[in-house]
Amino acid sequence: MWTAQQTVVNNQKNEQQQQNNKTTLGMTSAISMALPKPSDLIKTTELEEALKPFDVFESDEELNHRMVILGKLYSLVKKWIKDVSIARNMPESVAENVGGKIYTFGSYRLGVHSKGADIDALCVAPRHIHRTDYFTSFFELLREQPEVTELRAVEEAFVPVIKMNFDGIEIDMLFARLLLKEIPDSMDLQEDHLLKNLDQKCVRSLNGCRVTDEILRLVPNIANFRLTLRAIKLWAKRHGIYSNALGYLGGVSWAMLVARTCQLYPNAAPATLVHKFFLVFSQWKWPQPVLLKQPFNANLGFPVWDPRINVNDRFHLMPIITPAYPQQNSTYNVSMSTRTVMMEEFKAGLTLTDEIMLGKQTWDKLFEPPQFFLKYKHFIVLLVCSGSTEDHLEWCGLVESKVRLLIVTLERNQHISLAHINPESFVQLESQKEPNVQCTMWFIGLEFIKTENLNVDLTHDIQKFTETVMNNAVNINMLKEGMKLEARHVRRKELHQYLAPSYLRRERKISVNNVKNGTDIRKRSLEAATTTNTSTTNTTTNCDSGTTAVNNKRTRLSEEFEDNSNASLSCNDDSNSNISGHEDSTNVPPQPTDNPPSHALCT
């Protein structure tokens, strides 16, 4: 029997527990429970207005269009599952009720998708429907739909997917088969027991939905979370640090960082949360992991992130752990260079948002792109070429997924302090294009340790990378005639041979305006270009006597990018991958050329 005194004590404990739940979200208690001040709400309104020019909000009409498309996909899935069930001798009355469902995840499910963004979807089917059915009969059903274009299946991917354009909207659709007779419309995928005895590919496919839903459950205010995440995602994209494949953070990682900020400041307005985001993560002690809740092992036999048990997990540089079982590190691809770049951006973001909150700057400054091509003297340019548009899409995807391997290799070079990959890809200039060839370029900025008479040979590193990519293409039967991967060393003053004059002029203009306005808080972006005396030879080419006005314009523009150092430029004749530099008493700058170097680091 409970005594009256015990009842009072238990009630007090329950009240205390409820109070703790209000102040403890995630792994720790909140840093501040302060409510927003009127000035915070004004700043939030200003933030929302600053986001609108970047098309991060969809109209109701566009949102309804997405819902109509998902409704059509859902109908197709139901029809397909019913037809397959009947073909397997299931009575039609039973086949009508076995179900099947479409779930969404990613930015659309989180409610932060922008105009024209794709939709990540998951098709969940009952146990008698197999993945082979999905990639055969369902694929053919999609092919028959007039609204579906650009249909392609990637069955052998780490997470198998069907990609398509459905009535103007890009859709990536995964498949998962649950060991259930029926899939009711009310099915909640959060129950861990649903994963029991599933294969790894199904678990990976389900993971996107489970993680997205768990994030939404763990934030104190979904509306504030969404506006904050929209701002942070736009900032990350504009600053070139939004790409999981290239070693930066992908959408789910940015969502988890914002969610953790919301847990630490549960009552804060979005403007304050953006500021606190930079405060928290500019000071974060990596590799201390970011966790939204205490990890739980359901003991279903799937590997989970745990550095106490898994030795490889101890070497992750920037762990951000997904909140749903099986917990994984979503930032496995982060390297020393990409982490360094992101940490610099966090610190620069804090400095700028400090000024914004004080009224000294406006939110639009936060979304100004950095001057990547002014930061470095030396670049590696990767030229990815193929003979057709369809082949080019696949070929670029493969190369992009492997670039991080080159970054890690460059980081191991004792003379390189930073290898900064720019996620933005560029199309080759019309004047440099070959007939019937598609060519895309990525640029890697190199920062060297300051050493006199430096001589760095990157030929072996580049050759190893290109061989790895080509061998992988052969192994998966992707390599086709016309597919090429070429790497070149390019100096800053040679960039006009690869990039449009308007693009380079825009960077220069932004940099000059920032200096004039006293807002160049990213000092490293200008100083990094003079931290090393490294340099290389300018490969000379004979120029046509009839040089066009456009080429003259590019040459004049390139002169604006000339560094003021008097380092001479020399290297071995047989390779322009040797990057060397020493002081030159003649102080005569090399002359720019109008054509790219005729030979590359490695082809």
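- Under an unreviewed UniProt entry, the name given to the chain is Poly(A) polymerase, and the source organism is Ignelater luminosus.
- UniProt, in its Sequence similarities (unreviewed entry) section for the chain, records the words "Belongs to the poly(A) polymerase family."
- Quoted straight from UniProt, the Catalytic activity (unreviewed entry) entry for the chain says "RNA(n) + ATP = RNA(n)-3'-adenine ribonucleotide + diphosphate".

What about the pairing of strand 3 (residues 101-105)?
Then step 1. The buried fraction of strand 3 amounts to five of the five residues, a majority that puts the element mostly inside the structure.
Then step 2. Relative to strand 4 (residues 119-125), strand 3 runs antiparallel, the two sharing five bridges. Considered in strand 4, the bridge of isoleucine 102 is made with cysteine 123.

A closer look at the sheet that holds strand 3
Then step 1. The strand order across the open sheet formed by five strands is 3-4-7-6-5, and the pairing between neighbours is mixed. The two strands at the open ends of the sheet, each matched to only one other strand, are strand 3 and strand 5 (148-154). When the angles between neighbouring strand axes are averaged without regard to direction, this sheet yields 25°.
Then step 2. Sheet strands touched by helix 3 (residues 60-87): strand 3, strand 4, strand 6 (161-166) and strand 7 (169-177). Its angle to strand 7, the strand with the most contacts, is close to 35°.
Then step 3. Seen against the sheet, helix 6 (residues 131-143) touches strand 4, strand 5, strand 6 and strand 7 and runs at an angle of roughly 165° to strand 5.

Focus: the pairing of strand 7
Then step 1. Burial of strand 7 is extensive: seven of the nine residues sit out of reach of the surface.
Then step 2. Sheet analysis places strand 6 next to strand 7, joined by five bridges and oriented antiparallel. Bridge pairing in strand 7 links asparagine 165 to glutamate 170.
Then step 3. Between strand 6 and strand 7, which follow one another and run antiparallel, lie two residues, and aspartate 167 among them has a positive phi close to 55°.

Brief notes about the nonpolar core
Then step 1. With 105 residues, the main nonpolar core has Phe225, Trp235, Trp254, Phe346 and Phe443 as its most contacted residues.
Then step 2. What phenylalanine 225 contacts, discounting residues up to four positions off in sequence, is Leu110, Ile215, Leu216, Val219, Ala255, Val258, Ala259 and Cys262.
Then step 3. Counting 30 residues, the second-largest nonpolar core is a separate cluster that includes Ile119, Ile129, Phe139 and Ile171.

Observations regarding the packing of aromatic side chains
Then step 1. Taken as a whole and assessed by the stated rule, the structure comprises 31 aromatic pairs.
Then step 2. Taking the centre distance of 5.9 Å and the plane angle of 85° together, the rings of tryptophan 235 and tryptophan 254 count as edge-to-face. Residue tryptophan 235 is found in helix 8 (residues 222-238), and its partner tryptophan 254 is found in helix 9 (residues 251-264); the two are separated by 19 residues along the sequence. Summarising the burial analysis for this pair, tryptophan 235 and tryptophan 254 share the class buried.
Then step 3. Connected via pairs of aromatic rings, a cluster forms that spans Trp235, Trp254, Phe277, Phe278, Phe281, Trp284, Trp286 and Phe346.
Then step 4. The positively charged end of arginine 204 is found above the aromatic ring belonging to phenylalanine 158, 3.7 Å away from the centroid.
Then step 5. Above the plane of the ring of tyrosine 242 lies lysine 237, whose end atom (NZ or CZ) is 4.9 Å from the centre.

Quick look at the environment of phenylalanine 302
Then step 1. For phenylalanine 302, the location among the structural elements is in the loop between helix 10 (270-282) and helix 11 (336-357).
Then step 2. Spatially, the C-alpha atom of phenylalanine 302 lies 8.0 Å from that of glutamine 200, the residues being 102 residues apart in sequence.

A look at helix 14 (residues 459-475)
Then step 1. Taking 1.5 Å of rise per residue, the 17 residues of helix 14 would be expected to cover 24 Å, and the 24 Å separating its terminal C-alpha atoms lies within 8% of that figure.
Then step 2. Of the residues making up helix 14, those classed as buried are Asp461, Ile462, Phe465, Thr466, Val469 and Ala473. For helix 14, the buried positions fall inside an angular range of 125° around the axis, keeping them on one side. Of the exposed residues in helix 14, the ones pointing more than 90 degrees away from its buried face are His460 and Asn475.
Then step 3. Residues of helix 14 that are buried in the fold lie against strand 8 (378-386), helix 13 (389-411) and strand 13 (484-491).
Then step 4. Just beyond helix 14, the residue with positive phi is asparagine 477, at close to 60°.

Concerning the packing of helix 2 (residues 38-51) against helix 8
Then step 1. Taken N-terminus to C-terminus, the directions of helix 2 and helix 8 make an angle of 50°; their axes are 11 Å apart at the nearest point. Between helix 2 and helix 8, the angle falls in the class oblique. Both helix 2 and helix 8 take part in a crossing whose hand is left-handed. Facing helix 2, whose interface residues are Thr44, Leu47, Glu48 and Leu51, helix 8 presents Leu227, Arg230, Ala231 and Leu234.
Then step 2. The class makeup of the residues in the contact of helix 2 with helix 8 is five nonpolar, one polar and two charged.

The rules behind these values
Residues numbered from 1 in each chain as written. Predicted model: local features only at pLDDT ≥ 70, side-chain atom pairs only at ≥ 80, totals over all residues. Heavy atoms only, no water. UniProt positions renumbered as here; feature names shortened; annotations may be inferred. Buried < 20%, exposed > 50% of the residue type's maximum accessible area, 1.4 Å probe, protein only. Helix = DSSP H or I, 4+ residues; strand = E, 2+ residues; numbered from the N terminus. Pairing = 2+ DSSP bridges. Axes fitted to C-alpha atoms, helices over the stretch in contact; angles between N-to-C directions. Contact = heavy atoms within 4.5 Å. Core = buried A, V, L, I, M, F, W, Y, C linked by side-chain atoms within 4.5 Å. Phe/Tyr/Trp six-rings, centres within 6.5 Å; stacked < 30°, edge-to-face > 60°. Lys NZ or Arg CZ within 6 Å of the ring centre and 35° of its normal. Expected span 1.5 Å × (residues − 1). Arc of directions from axis to C-beta. Parallel < 35°, antiparallel > 145°, perpendicular 65-115°, else oblique. Left-handed = near helix turned anticlockwise from the far one by under 90°. Nonpolar A, V, L, I, M, F, W, Y, C, P; charged D, E, K, R; others polar.

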